[in-house]
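# Chain and residue survey
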Amino acid sequence: MVVGRTVALVLLLAGTAHAGITYELGYRLDQSDTVAVTVTPDRPVKAPIEFIVPRTYPGGYAEIPYDHYVEGLAAVGADGQPLKIKRDADGPRYRLGESGQSLESIQYRVAVARMEKDTVDAVSSSKLRPGYAGILGYSVFGYLEGLEAEPARLKVSAPPNWPVLLTLNPRVPLRLGTAEGESPDFYELADSQVLMGSKLMTQRLDGKIPLFIAVYAEAPVSFELEAKLAREALDCVQDYFGDVPMAAYTVGMEFLQPLDQHHEYGFSQEHVASGSFTLPAEAALTERSDPRELRRTGSNFAHHMAHSWIPKRAYGEGYRPFNWEMEPVIDTIWFNEGFGRYAAIQAMALGMPAEEGKSFRDAQLASLRAIIDSAPPFIRRMRLEVLSREASFLYSSDFRTGRNIFARGALMAAEMDDRIQKQTKGAKSLREALRWLLKWSESNHRPFATADLPRYFATATGVDVADILERWQEPLEHP
């Protein structure tokens, strides 16, 4: 049983001329297993209208039924009377009200403790533990259909002595008991986190992109060492991509004692301007940690930080616009995970020592080759887009799909990089191609088509890599 007092989150979706929305979410220490949410449009919204709770999240490559943890949903009309609610028998939708009515507010509770118990992939769940609350936006926030593209404002109210950090608007020193932030749409609101509690450790580290690190640990941890590695990783990744697309970046770390033997700790998750790192307690770094652990930690930071550029800002078809109700089938997870991983490898390479006589880059590529060399024959016989479709649902639950999709993608990226550098005599590299793609994505606000990548990369570097892309799309072996 988690003990706690009250955490309140209030979110305002500044809407169109006819409706914006305020969400209030409260957590009370005497009701320590749940959070309470109230959703109030600025102006009454014409009914009937659909309220949707996510069942998946960007980069999760899995379905998590967050709607199963919504309890006691009720809606009130503009006249103060309860509205009829019709729950979709299969999907995460609630139809609120009837023709001729208007919606004034929605209220419900989210059973966070039950969510964490049921969700064995620990990084996918919010958490309520003594002296700590870690809230993933998409696990508690729903949206009114048709208003998800509107701006959002988030207000948080917590127990008076609890520091509160919002990834939408991080600041140090933290305010006690309250915080506010804004988002351009539901996507960035849902992809944000709220971290709070008397046991939360926080620090700001300045740089081109200010870094905020927040740690909750159920074991001894060197906060300063974790912060140092995170700052170094962010600097390397920012230097690789070259731009500063975010006002700040937040590292949220949880070092947890497992609920039971079935829960999995060790995965991390990228977000628009933050990363969630949910790890077993024994993974916490101390002054006695082996240098290999330091390298792995720094590389893990860099990998998920790189995702704030790829695929959060440059992405293929199927990634965005995002379908919150059902895990999308994505053909380009090899780009999301492989090119993102390779960018992180290159970003970190200069500062990493050699391993067993190999450069950091060579050692990383060798480990990726070992993954695909040891893959089961049925995976090696899959075309790349087929493997990506499988990974859309099984990325972490059957990590053979995850490992092989990022390994193939990263090795493709490495081969392209080698050719570009060779043909330009080192004047250009894959980095210039990815920077060009990021600018294209920012200008066009849409996903790229895979067939267009060679043309885009050639425009940026003058080097044709079409045959490399085509070859890596093929199975690694045939029956």
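Now for a description of the structure that goes with this document. Residue numbers restart at each chain and count upward from 1, following the sequence in its written direction. Local features in this predicted model are restricted to residues whose pLDDT is 70 or higher, and side-chain atom pairs enter the listing and the counts only when it is 80 or higher, whereas totals over whole chains, interfaces and linings include all residues. The basis for every side-chain value is the complete set of non-hydrogen atoms in the structure, without hydrogens or water.

### Regarding unusual backbone geometry
- Cis geometry marks the peptide bond from Ala47 to Pro48, where omega comes out at 0 degrees.
- Tracing the backbone shows Pro48 in the loop between β4 (45-46) and β5 (49-52).
- Cis geometry marks the peptide bond from Val172 to Pro173, where omega comes out at 5 degrees.
- Checked against the element boundaries, Pro173 lands in the loop between β14 (163-166) and β15 (175-176).
- Of note in the backbone geometry, Lys425 takes a positive phi value of approximately 55 degrees without being a glycine.
- Relative to the elements of secondary structure, Lys425 occurs in the loop between α10 (399-423) and α11 (430-444). Secondary structure counts use DSSP, requiring at least four H or I residues in a row for a helix and at least two E residues in a row for a strand, with both numbered from the N terminus.

### Here we look at a nonpolar patch on the surface
- Patch building starts from residues that exceed 30% relative accessible area and form no salt bridge, then joins like charges within 9 Å and nonpolar side chains (Val, Leu, Ile, Met, Phe, Trp, Tyr) within 5 Å. Values of accessible area rely on a 1.4 Å probe in the Shrake-Rupley scheme; residue burial ignores everything except the protein chains shown. Throughout this description, the term salt bridge denotes a Lys or Arg side-chain nitrogen within 4 Å of a carboxyl oxygen of Asp or Glu. There is a patch of nonpolar side chains on the surface, built from Val329, Phe393 and Leu394 and spanning about 240 Å² of accessible area.
- As for its position among the elements, Leu394 is in helix α9 (residues 384-394).

### Thoughts on the pattern of salt bridges
- Summed over the entire model, instances satisfying the criterion amount to 29 salt bridges.
- A salt bridge links Glu415 to Arg471; the shortest N-O distance between them is 2.6 Å. With Glu415 in helix α10 and Arg471 in helix α13 (residues 466-473), the pair connects residues that are 56 residues apart, well separated along the chain.
- Given a relative accessible area of 24%, Glu415 falls into the partly exposed group.
- Only protein chains enter the accessibility calculation, which uses a 1.4 Å probe; a residue whose area is less than 20% of its type maximum is buried, one above 50% is exposed, and one in between is partly exposed. Judged by its relative accessible area of 42%, Arg471 is partly exposed.
- Three or more residues are tied together by salt bridges with common partners; here these are Glu50, Arg93, Arg95, Glu145 and Glu325.

### So, the sheet that holds strand β8 (residues 93-96)
- Two strands qualify as a pair provided that DSSP identifies no fewer than 2 bridges between them. Judged by pairing direction, the sheet is antiparallel, and its four strands sit side by side in the order β7-β8-β5-β12 without closing on themselves. Edge positions in the open sheet fall to β7 (85-87) and β12 (143-144), since each of these has one partner strand only.
- Where β5 meets β8, four bridges bridge the pair, whose relative direction is antiparallel. Counted as the bridge partner of Glu50 is Arg95 from β8.

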